[in-house]
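Observations on the model geometry
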Amino acid sequence: MSKLTALTRWVGPELEGCELTHLRRDPINFEAAEREHSAYLAALGQICDEVVELPAISEHPDGCFVEDAALVFDECVVLTRPGADARRGEVDHLLPHLPTDREHLRLEDPCTLDGGDVLIVEDTVYVGLSTRTNHPALKQLAHLLLPFGYRVKAVEVTGCLHLKSAITQVAPGVLLANPAWAKLERVSASTLIEVAPEEPAGANALLIGDAVIYPEEFPLTAQRIEAHASLHLVPTRELQKAEAGVTCRSVSWLSS
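All figures in this text were calculated on a predicted structure; none of them were measured in a lab.

Analysis parameters
- Sequence order as written defines residue numbering, which begins from 1 separately in each chain.
- A pLDDT threshold of at least 70 governs which residues receive local features in this predicted model, and a stricter bar of 80 or more applies before side-chain atom pairs are shown or counted, although totals over entire chains, interfaces and linings include all residues.
- Only hydrogens and water are set aside when side-chain values are computed; all heavy atoms of the structure are taken into account.
- Should DSSP find at least two bridges between two strands, the strands are taken to pair.
- In DSSP terms, a helix is any run of H or I states spanning at least four residues, a strand is any run of E spanning at least two, and both are numbered starting from the N terminus.
- With axes taken as lines fitted to C-alpha atoms, and helix axes fitted only over the stretch in contact, angles between N-to-C directions fall between 0 and 180 degrees.
- The rule is simple: take the accessible area with a 1.4 Å probe, protein chains only, and divide by the maximum for that residue type; under 20% is buried, over 50% is exposed, in between is partly exposed.
- Charge assignment: positive for Lys and Arg, negative for Asp and Glu; neither His nor the chain ends contribute.
- Any carboxyl oxygen of Asp or Glu that lies within 4 Å of a side-chain nitrogen of Lys or Arg is treated as forming a salt bridge with it.

Brief notes about the sheet that holds strand β1 (residues 3-9)
Ordered by their spatial adjacency, three strands build an open sheet running β2-β1-β15, and the pairing between neighbours is mixed. Both edges of this open sheet fall to β2 (50-54) and β15 (251-255), since each of them pairs with a single strand only. Averaged over all pairs of adjacent strands, the angle between their axes in this sheet comes to 20 degrees, without regard to strand direction. Pairing analysis gives five bridges linking β1 to β15, with the strands arranged antiparallel. Note on β15: the bridge partner recorded for Ala6 is Ser252.

Structure below.
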């Protein structure tokens, strides 16, 4: 029987010094951020067989956004090279906790790639070209994944930090998107749900197992998703100040 594991890292008071690209800096209430993370862990606990909780890293304010440091596929793990210089040390902090039952590969200079720019839909890997992820990373990732049968396709990100701020998967064949934030001509889906116009930041949803973890702050978009997925709504208002979504705070995988 397969085991679903989610790997997370706690937020710390150092989150106040996180990297920002599109938002102005707004003071982060650390206690509120901790409560939001606790709610996120509770949702993961209802879905996953195991939730691994790593401690915060004082020297890495963005360390709780573990998704950016590693891509986990059924066949391999790809260690990334984050686009912000200050975040590159996060990769080696995460490495000992990643699954060891599959090959480990690593992106090298001149690549820069954040995991938040990578959307895996069956055998297609969409890579957002953004301020954090460059074209050499796209080419190198395509080369690393070629033996495993994945197709890597570029998507230009135009209005947000990461690709998964603009588009995520919420069910097999069903994608949730804000088309104003990425050029989606090369993205294929049986069903494309657009976010409610009043909720442009509502495209980030975490499909994990057979459920979706989704921010409670976007109720109009949640109504558009609920026909397709079992939703676990969580608070994210404070962590949104760090340009965070629900996908960026965990890495998950199936193992036998």
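Concerning the side chain of Glu36
Looking at the element boundaries, Glu36 is found in helix α1 (residues 30-47). Of the buried charged residues, Glu36 lacks a salt bridge, with Arg249 as the closest side chain of opposite charge at 5.9 Å.

Brief notes about the sheet that holds strand β7 (residues 124-129)
The strand order across the open sheet formed by three strands is β6-β7-β8, and the pairing between neighbours is mixed. With partners counted over all chains shown, the strands left at the sheet margins are β6 (118-121) and β8 (151-156), one partner each. Each strand axis lies, on average, 25 degrees off the axis of its neighbour in the sheet, ignoring direction. As judged from the six bridges shared by β7 and β8, these two strands associate in the parallel manner. Bridging across to β8, Val127 finds its partner in Ala154.

Details of the pattern of salt bridges
For the coordinates displayed, the defined rule picks out eleven salt bridges. Across the pair Glu90 and Arg87 runs a salt bridge whose closest N-O atoms are separated by 2.9 Å. The pair Glu90 / Arg87 is uniform in exposure class, with both members buried. In this structure, Asp101 engages Arg102 in a salt bridge whose closest nitrogen and oxygen atoms are separated by 2.7 Å. Accessibility expressed as a relative area gives 49% for Asp101, which makes it partly exposed.

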